[in-house]
Amino acid sequence: MIKAAICEDSELDRDMLKEIIGLLLADRGLAYDIVSYVSGRELVSGYKNHPLDIIFLDILMDDINGIETGRLIREMDDKVEIVYCTSSKDFAIAAYDVHAMGYLLKPYETLRIGAVIDYYVQKHPQKNHNYIEVKSRHKSLIIPYKDIIHMESDNKVVYIYTTTQGIVKVYNKLDAFESELADSRFLRCHQSYLVNMQYVVSVVDSDFIMIDDQMIPIRKSGRKLIVKKYEDYLKESLKNH
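Residues numbered from 1 in each chain as written. Predicted model: local features only at pLDDT ≥ 70, side-chain atom pairs only at ≥ 80, totals over all residues. Heavy atoms only, no water.

> Describe the overall build of the chain, and please don't skip the residues or the numbers.
Check the secondary structure of the chain and you find seven helices and 15 strands. If one aligns the C-alpha atoms of the chain with their principal axes, the spans along those axes are about 60 × 40 × 30 Å. Across the 241 residues that make up the chain, the buried fraction comes to 47%. Looking at the chain alone, contacts between residues at least 24 apart form 51% of all its contacts between residues at least 6 apart. When the accessible area of the chain is evaluated, it comes to approximately 13300 Å², of which 50% is carbon and sulfur surface. In the chain, which carries 31 positive and 37 negative side-chain charges, the distance between the mean positions of the two groups comes to 7 Å. (Helix = DSSP H or I, 4+ residues; strand = E, 2+ residues; numbered from the N terminus. Buried < 20%, exposed > 50% of the residue type's maximum accessible area, 1.4 Å probe, protein only. Contact = heavy atoms within 4.5 Å. Areas by Shrake-Rupley, 256 points an atom, 1.4 Å probe, with all protein chains shown as cover. Lys, Arg positive; Asp, Glu negative; His and termini not counted. Charge placed at Lys NZ, Arg CZ, Asp CG, Glu CD.)

> Mind laying out the sheet that holds strand β14 (residues 207–210), listing which residues take part and the relevant values?
Taken in spatial order, the three strands of this open sheet run β13-β14-β15, and their pairing is antiparallel. Only two strands of the sheet have a single partner each, and these edge strands are β13 (200–204) and β15 (215–217). For this sheet the average axis-to-axis angle between neighbouring strands, irrespective of direction, equals 30°. In terms of strand pairing, β14 meets β15 through three bridges, oriented antiparallel. Note that in β15 the partner of D207 across the bridge is P217. (Pairing = 2+ DSSP bridges. Axes fitted to C-alpha atoms, helices over the stretch in contact; angles between N-to-C directions.)

> So, the packing of helix α2 (residues 40–47) against helix α3 (residues 66–76): which residues are in play, and what are the values?
Look at α2 against α3: their axes get within 10 Å of each other, and the N-to-C directions meet at 5°. The angle between α2 and α3 falls in the class roughly parallel. Across from G40, L43, V44 and Y47 in α2, the residues of α3 making contact are T69, L72, I73 and M76. Partitioned by chemical class, the residues of the contact of α2 with α3 number six nonpolar, two polar and no charged. (Parallel < 35°, antiparallel > 145°, perpendicular 65-115°, else oblique. Nonpolar A, V, L, I, M, F, W, Y, C, P; charged D, E, K, R; others polar.)

> Outline helix α5 (residues 110–123), listing residues and values.
Between its first and last C-alpha atoms α5 spans 20 Å; for 14 residues at 1.5 Å apiece the expected length is 20 Å, and the two agree. Within the span of α5, buried status applies to I113, G114, V116, I117, Y120 and V121. All buried residues of α5 lie within an arc of 160° about the axis, which places them on one face of the element. For α5, the exposed residues set more than 90 degrees away from the buried face come down to L111 and Q122. The inward-facing, buried residues of α5 contact β1 (2–7), α1 (11–27), β3 (54–58), β4 (81–86) and β5 (102–105). (Expected span 1.5 Å × (residues − 1). Arc of directions from axis to C-beta.)

> I'd love a proper account of the environment of I55, names of residues and values included.
With respect to the helices and strands, the residue I55 is situated in strand β3. I55 sits 48 residues away from C7 along the chain, and the two C-alpha atoms are 7.4 Å apart. Apart from residues no more than four positions distant in its own chain, I55 is found in contact with A5, L43, Y47, I73, V80, E81, I82 and V83.

> Tell me about empty space enclosed by the protein, and please be specific about residues and values.
Within this structure, the stated rule accounts for one cavity of 30 Å³ or more. Roughly 50 Å³ of volume is contained in the largest cavity. Taken together, I2, A4, I21, L25, I54, F56, I117 and Y120 make up the lining of the largest cavity. Taken together, the elements giving at least two residues each to the lining of the largest cavity come down to β1, α1, β3 and α5. Among the residues forming the lining of the largest cavity, the class breakdown is eight nonpolar, no polar and no charged. (1 Å grid on protein atoms, 1.4 Å probe; cavity = no way out; pocket = protein on both sides within 12 Å on 5 of 7 lines; lining within 4 Å. Points joined across faces, edges and corners; volume = space filled by probe spheres on them.)

That's the geometry; what it means functionally is another story.
What follows is the structure, given as structure tokens:
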């Protein structure tokens, strides 16, 4: 998952940039989480407890400007990528001093932002690890996260229900897949089931109804929390799209 932040004191620019970035990441099939900050001071104060992968950082802010904010972030983290956002080209050299990965000029251009995201993924290929590789019937298969509807465990066998490859039978444990699928869209709702929440159509009584009409049971223990996780995921998905 790509953990991104937008630090911008203009609400209009902040919301616009968040929407564009979310759409571009989703279009590329990348899992992401985007948080927003209204000032450089707010970003810096919370950074130690919430490290990020990439920051879209406005330069001209009333609190501390983006260049100084970038310097403070660099003291804590020399790996996070910083993309500066501004209406002026005058800060290009200062941005270079804090090893900025990119420089976006306002008004924002979707193609330019997309190019920055593509460069980030090219530079950090591990962040594009959005698939699993399994062996089934003596063949190796690549299954993208977005193609997985749900997984069902039966003793030492896991059945992976997919949108493109049918049902894939794998000798493994569901616990192993749960650990590998470090992605916010997947939810372990039962000892024997793991669902991709993007394919949940509804919740009826104690079951998830999936896009393929399968009814996936929700365990009794912790049921309210599981349903809440799905509801939170749904709200966040609607907000980002």
